[in-house]
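As a plain string of letters, each chain reads:
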Amino acid sequence: VEQAKIPELVQVYAKRYEDMIQVGIKQCGMFPGTKEALAALSGRFAIYLVCQTPRASLREPLDHFGITAFFKGIHDSSGSVLENLRKIMAENNIPPGKIVMIGSDDKHWEAARQCGVRFVGVPNEYNKWEVGKTTFLLIENLVVLTGQSV
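These numbers come from a predicted model, not from an experiment. (Residues numbered from 1 in each chain as written. Predicted model: local features only at pLDDT ≥ 70, side-chain atom pairs only at ≥ 80, totals over all residues. Heavy atoms only, no water.)

(A) Examining the environment of I88 more closely. Along the polypeptide, I88 turns up in helix α4 (residues 81–92). Looking at I88, the relative accessible area reads 4%, which means it is buried. Through-space distance from the C-alpha of I88 to that of A39 is 21 Å; in sequence the pair is 49 residues apart. Those residues in contact with I88, other than ones at most four positions away along the chain, are Y48, V50, H75 and I94. (Helix = DSSP H or I, 4+ residues; strand = E, 2+ residues; numbered from the N terminus. Buried < 20%, exposed > 50% of the residue type's maximum accessible area, 1.4 Å probe, protein only. Contact = heavy atoms within 4.5 Å.)

The following block contains the structure:
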């Protein structure tokens, strides 16, 4: 491959990869009851989404599943999790005691810890968090926060 063609090929293959990821997300769907849980929780609390995904890639599945409107703010990879959490707190004048961060990554936990906010973790095969082995509460999914069962 000619050196001059590499940037163009990188873009072509990145787009193909992105398209495959978006198809996979849509095929996997959301955990049952997630949309209803977000609807219920957004009626009682201001919900912000902090994700390390680029905005365009993030908005597509949110719009597809019809959940974009449940978030007061959507913060993408333009800032770190910590930077975005601090930005939300500062721009909305929210003290740490009024925030609960829900996350599934050590970066989420570390950002919450550094900002002094409460944290609830969602264990998965990547973070390997286990009940009784963390200093924070673990939940299986958002539905449990509504008091409903799946």
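(B) Just the state of the cysteines, in detail. Evaluation of the coordinates by the stated rule reveals zero disulfides. Cysteine C28 is unpaired, with the sulfur of C51 as its nearest cysteine sulfur at 15 Å. Assessed through its relative accessible area of 68%, C28 is described here as exposed. (Disulfide = S-S within 2.5 Å.)

(C) Looking closely at the environment of F71. Here F71 lies in the loop between α3 (55–64) and β2 (73–75). Separated by 23 residues in the primary sequence, F71 and Y48 have C-alpha atoms spaced 5.3 Å apart. When sequence neighbours within four positions are dropped, the list of residues in contact with F71 reads L38, I47, Y48, L49 and L62.

(D) Molecular detail of unusual backbone geometry. In this model, N93 sits at a positive phi of 50 degrees, which is unusual for a non-glycine residue. Looking at where N93 falls in the secondary structure, it is placed in the loop between α4 and β3 (100–103).

(E) Representation of the packing of helix α1 (residues 6–28) against α3 within the structure. Their axes nearest at 10 Å, the elements α1 and α3 cross at an angle of 25 degrees. The angle between α1 and α3 falls in the class roughly parallel. Considering only the axes of α1 and α3, their crossing is right-handed. On the side of α1, the interface is formed by E18, Q22, I25 and K26, while α3 contributes S57, E60, P61 and H64. Residues belonging to the contact of α1 with α3 are distributed by class as follows: two nonpolar, three polar and three charged. (Axes fitted to C-alpha atoms, helices over the stretch in contact; angles between N-to-C directions. Parallel < 35°, antiparallel > 145°, perpendicular 65-115°, else oblique. Left-handed = near helix turned anticlockwise from the far one by under 90°. Nonpolar A, V, L, I, M, F, W, Y, C, P; charged D, E, K, R; others polar.)

(F) View of the pattern of salt bridges. What the rule picks out here adds up to six salt bridges. The salt bridge partner of R55 is D76, with a shortest N-O separation of 3.2 Å. Here the residue R55 occupies a position in helix α3, and D76 occupies one in the loop between β2 and α4, the gap between them amounting to 21 residues. With relative accessibility at 38%, the residue R55 sits in the partly exposed group. For D76, a relative accessible area of 6% translates into the label buried. With its nearest N and O atoms 3.9 Å apart, the salt bridge here joins D63 to R59. Of the two residues, D63 and R59 both sit in helix α3, four residues apart, roughly one turn of that helix. A relative accessible area of 30% places R59 in the partly exposed class. (Salt bridge = Lys/Arg side-chain N within 4 Å of Asp/Glu carboxyl O.)

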